[in-house]
Amino acid sequence: MNFLSQQFNTTLPPNYDELKKAVNRTANWKERLAAVEELGKWKHKQTIDMLTHRMENDPVYKVQLAAFDALQDFGLEVDMPTHKKFDLIKDASKTLVRIKKSLPHDHKFEDFKVKLQKMRVDIYDTYKGDKGEDFDQWLEDQWKSIPGRQARK
């Protein structure tokens, strides 16, 4: 037995199917992160493939980094993922505009936040995971920068 096979289990985890679902759940970055961390204990071709996919494609940088760390721990040479600075989800900014314009002209920020969470939990969750404690301020800044509906005269 070599060092890596002693450190990691080289079979598939018994809950592989559940982990596979969790790692691909778009509306919950925390579940994806937990699944990535669990997959990082199992050095198998299929878990390596899933970790590589998350490292290269997850919209939340914390999940990308966890997958990167797991792959490095397996002894694989992988490149550090780059942190996206703009739309983490394609056309998210357009969605924010549509949501704001769908609300009455005199709506409050909380109305916008609630509607975003109900309509697009994937966008809400991804940016909450990416921004962390700064999420509410970031979302409010986005809301303020979007022109709203004009009051009817």
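Scroll up a little and you will see the structure.
Model, not experiment: these values are computed from the prediction.

**Description of the overall build of the protein chain**
Of the regular secondary structure elements, the protein chain holds nine helices and zero strands. For the protein chain, the sequential pattern of α-helices and β-strands runs α-α-α-α-α-α-α-α-α. The C-alpha extent of the protein chain, read off along each of the three principal axes, is 80 × 30 × 25 Å. Going through the 153 residues of the protein chain one by one, you find that 39% of them count as buried. Within the protein chain, contacts between residues separated by at least 24 positions form 59% of all contacts whose residues are at least 6 apart in sequence. Here the protein chain displays about 9700 Å² of accessible surface, and carbon together with sulfur accounts for 50% of that area. The protein chain carries 28 positive and 25 negative side-chain charges, and their two centres are separated by 9 Å.

**Focus: unusual backbone geometry**
Its identity as a non-glycine residue notwithstanding, Asp91 has a phi of 65°, on the positive side. As for its position among the elements, Asp91 is in the loop between helix H5 (61-73) and helix H6 (92-102).

**Here's the deal with the packing of helix H3 (residues 29-39) against H5**
Packed helices, taken two at a time, are described by the angle between their axes plus the distance between the axes. Put simply, H3 and H5 touch, their axes get as near as 9 Å, and they point 5° apart. Relative to H5, the element H3 lies roughly parallel. Here Trp29, Arg32, Leu33 and Val36 of H3 come into contact with H5, specifically with Lys62, Val63, Ala66 and Ala67. Class assignment for the residues of the contact of H3 with H5 results in six nonpolar, no polar and two charged.

**Comments concerning H5**
With 13 residues, H5 ought to run about 18 Å at 1.5 Å a step, and its terminal C-alpha atoms sit 18 Å apart, in line with that. On its buried face, H5 is in contact with H3, helix H4 (45-57) and helix H8 (121-131).

**Let's talk about the environment of Ile123**
With respect to the secondary-structure elements, Ile123 resides in helix H8. Considered as a pair, Ile123 and Pro104 are 19 residues apart in the sequence and their alpha carbons are 22 Å apart. Filtering out sequence-adjacent residues up to four positions away, Ile123 remains in contact with Ile89, Ala92, Thr95 and Leu116.

**What about helix H2 (residues 16-23)?**
Among the residues making up H2, those that are buried are Tyr16, Leu19, Ala22 and Val23. End-on view of H2: buried residues confined to an arc of 125°, all on one side of the axis. In H2, the exposed positions that point more than 90 degrees away from the buried face belong to Asp17, Glu18 and Lys21. For H2, the elements touching its buried residues are H3 and H4.

Rules used throughout
Here the residue numbering is sequential within each chain, running from 1 through the sequence in written order. Where local features are concerned, this predicted model is filtered to residues with pLDDT of at least 70; where side-chain atom pairs are given and counted, the filter is 80 or more; whole-chain, interface and lining totals use all residues. Calculated side-chain values reflect all of the structure's heavy atoms, with hydrogen atoms and water omitted. A helix here means a DSSP run of H or I that spans at least four residues, while a strand means a run of E at least two residues long, and both kinds are numbered starting from the N terminus. Residue burial is assigned from relative accessible area. The probe radius is 1.4 Å, only protein chains are included, and a residue is buried under 20% of its type maximum, exposed over 50%, and partly exposed in between. The contact definition used throughout considers only heavy atoms, calling two residues in contact when any of these lie within 4.5 Å. Note on areas: these come from Shrake-Rupley sampling with a 1.4 Å probe, and a residue is covered only by the protein chains present in the view. Counting rule applied: Lys, Arg positive; Asp, Glu negative; His and chain ends not counted. In plain terms, the charge of a residue is placed at NZ if it is Lys, CZ if Arg, CG if Asp and CD if Glu. Orientation is described by axes fitted as lines to C-alpha atoms, over the contacting stretch for helices, and by angles from 0 to 180 degrees between their N-to-C directions. Any angle that falls under 35 degrees is termed roughly parallel, while one over 145 is termed roughly antiparallel, one within 65 to 115 roughly perpendicular, and all others oblique. Three categories are distinguished: nonpolar for Ala, Val, Leu, Ile, Met, Phe, Trp, Tyr, Cys and Pro, charged for Asp, Glu, Lys and Arg, and polar for the others, with Gly belonging to the last. For a helix, the expected span equals 1.5 Å multiplied by the number of residues minus one. Taken from the helix axis, the directions to the C-beta atoms give the arc we talk about.

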